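Architecture and fold: a report
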Amino acid sequence: MSLGVCFPALGQDLLSVWSAALQRDPAYAAARAGRNADQEKIPQARARLLPYITLDSSGEIEDVRRTHNLQHYETRRVGLWALTLTQPIIDIGKWDQLRQSEYIADSANLALQQAYQDLILRVAQAYFEVLASQDTLETIKAQKQAVETQLHAAERGFQVGATTVTDIYEARSRLDLLNASEIEAHNALQVSEDMLAKIIGERPGKLLGLDPDTSLPPPAPARLDEWTTQSSQASLDVARARLDALIIEKQIDIARSGHYPTLSLYAQTGSASDQGIYGQRNGPRSVDSAVGLQLSIPIFSGGEISSQVREQTSRLQQARYVHEAAKRQAVQSTQQYFSGVTSGLARIQALRAAEESSQASLEANRTGYELGVRVNIDVLNAQQQLFETRRALSRARYDTLMNSLRLKAASGILTDEDIVAINALLEERRGPTTTQR
């Protein structure tokens, strides 16, 4: 699974991070190795239906003595070898094992697809967490600059008697809180970069950010019932649960085959030598060959086979309940993420309007403060409201994008093309965007 595009240098955009994650993420590499291992179940099961050849040989020395005085009588040297070819003709259990191995391989393929989708979600989540942390840090720095400007204005006003010392204390108190918030934001950015580094194997560089003027796409199709139908049928969790039930159904057939007869063709050739200490005892060495059919009919196994059938029947009931639970969970997750996208888009629009209103409120409070009809705390509160609105808007955009990816994952249709689509929305960020160790 790879993208047919050229990637820029590591750390520049989401595509480069995704490319590095595909090559370096240990969780995905482990899933790929597990899938390759389960694929070997098919040739192993097929081999049980093919001819197999065995070579047996043995050698021994017999020392024969008389019974009345234990004196040596003779020594026998015996050598035996046999070459045997066996071809199963009728063995229903082995055919059932072959079919079961195909189900196991299919389930392994789905597990790898799940790991692939999970890697997409983890990469996007980690990338957006870095961007969100950077946005928070930049917003705090901008807010600090605004508060510092307001503090200088309060100090100048106090010197000419236009304001009280309370205005200075309020501005300084707000500035001290922002200093503490800045330290916390630096730490949060450090942690988010560490999370991304855990996936790609090295610390990210300067990341491209989301264009603030970009309109995020709505779900397509726009009808919830189409999404729920898709997820109930094509969700990878549902598909794996269905295969698990089929695997157990075959396990029941395998258990029942313990009651069935088996028929095999065998061909054997071999020779034996029997040498005494004084030469050959039984004439020249001979080669014996035989070809025949071997029929094996189970009669009684102490009730073990019947117990295995009952065990697997109960496990099949369990697997079917798990399958139904997976279908319901897929529908519930689809409803949740579909609502997350639609409500997220509405929230983004509301926050954009709130940002414009907060900006207008701040300008009005600044003008009122200059005219003496507003106090310093009014300006500080208006500033805080504006910057908190901006942080909320930034987070809402990232959450909406993540919900759109999770919606596709719940429906089993998330691919690397979704990474390409999101990457097209990114642009060069302005201002400091990363921390250094």
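The rules behind each value
Residues numbered from 1 in each chain as written. Predicted model: local features only at pLDDT ≥ 70, side-chain atom pairs only at ≥ 80, totals over all residues. Heavy atoms only, no water. Core = buried A, V, L, I, M, F, W, Y, C linked by side-chain atoms within 4.5 Å. Buried < 20%, exposed > 50% of the residue type's maximum accessible area, 1.4 Å probe, protein only. Helix = DSSP H or I, 4+ residues; strand = E, 2+ residues; numbered from the N terminus. Contact = heavy atoms within 4.5 Å. Polar contact = N/O pair within 3.5 Å; in protein donor to acceptor, adjacent residues only side chain to side chain. Patch = residues over 30% accessible without salt bridge, like charges linked within 9 Å, V, L, I, M, F, W, Y side chains within 5 Å. Areas by Shrake-Rupley, 256 points an atom, 1.4 Å probe, with all protein chains shown as cover. Salt bridge = Lys/Arg side-chain N within 4 Å of Asp/Glu carboxyl O. Axes fitted to C-alpha atoms, helices over the stretch in contact; angles between N-to-C directions. Parallel < 35°, antiparallel > 145°, perpendicular 65-115°, else oblique. Nonpolar A, V, L, I, M, F, W, Y, C, P; charged D, E, K, R; others polar.

1. Topic: the nonpolar core
Within the largest apolar cluster, 62 residues are counted, with the highest numbers of intra-cluster contacts made by Trp 18, Leu 119, Val 123, Tyr 127 and Phe 128. With 19 residues, helix α4 (residues 92-159) is the single largest residue contributor to this core. Every residue in contact with Leu 119, bar those within four places of it in the chain, is listed here: Trp 18, Ala 21, Leu 22, Asp 25, Tyr 28 and Ile 199. Residues Ala 255, Val 309, Leu 316 and Ala 319 belong to the second largest nonpolar core, which totals 7 residues.

2. So, the side chain of Gln 100
Take Gln 100: it is sitting in helix α4. Within the structure, the side chain of Gln 100 is placed 3.1 Å from the backbone oxygen of Ile 247, a separation counted as a polar contact. With residues up to four places along the chain from it excluded, the contact list for Gln 100 reads Ile 247, Lys 250, Gln 251 and Ile 254.

3. Details of the side chain of Asn 423
With respect to the helices and strands, Asn 423 occurs in helix α10 (residues 416-423). Residue contacts for Asn 423: discarding those within four places in its chain leaves Asp 13, Leu 14 and Leu 15.

4. Some remarks on a nonpolar patch on the surface
Among the surface-exposed residues, Ile 89, Ile 90, Ile 92, Tyr 260, Leu 265, Val 291 and Leu 293 lie close enough to one another that they form a single nonpolar patch of about 630 Å² accessible area. Elements represented by at least two residues in the nonpolar patch include exactly β2 (72-90) and β6 (286-296). Along the chain, Leu 293 falls in strand β6.

5. Things to note about the packing of helix α1 (residues 14-24) against helix α5 (residues 165-200)
Interaxial distance between α1 and α5 falls to 7 Å at its minimum, and their mutual angle equals 55 degrees. Classified by the angle between their axes, α1 and α5 sit oblique to one another. Residue-level inspection shows Val 17, Ala 20, Ala 21 and Arg 24 of α1 in contact with α5, the latter providing Leu 196, Ile 199 and Ile 200. When its residues are assigned to classes, the contact of α1 with α5 shows 6 nonpolar, no polar and 1 charged.

6. Side note on α1
α1 sits mainly inside the fold: 9 of its 11 residues count as buried. Those residues of α1 lying buried are Leu 14, Leu 15, Ser 16, Val 17, Trp 18, Ser 19, Ala 20, Ala 21 and Leu 22. Buried positions along α1 lie against α2 (26-39), α4, α5, α10 and β7 (426-427).

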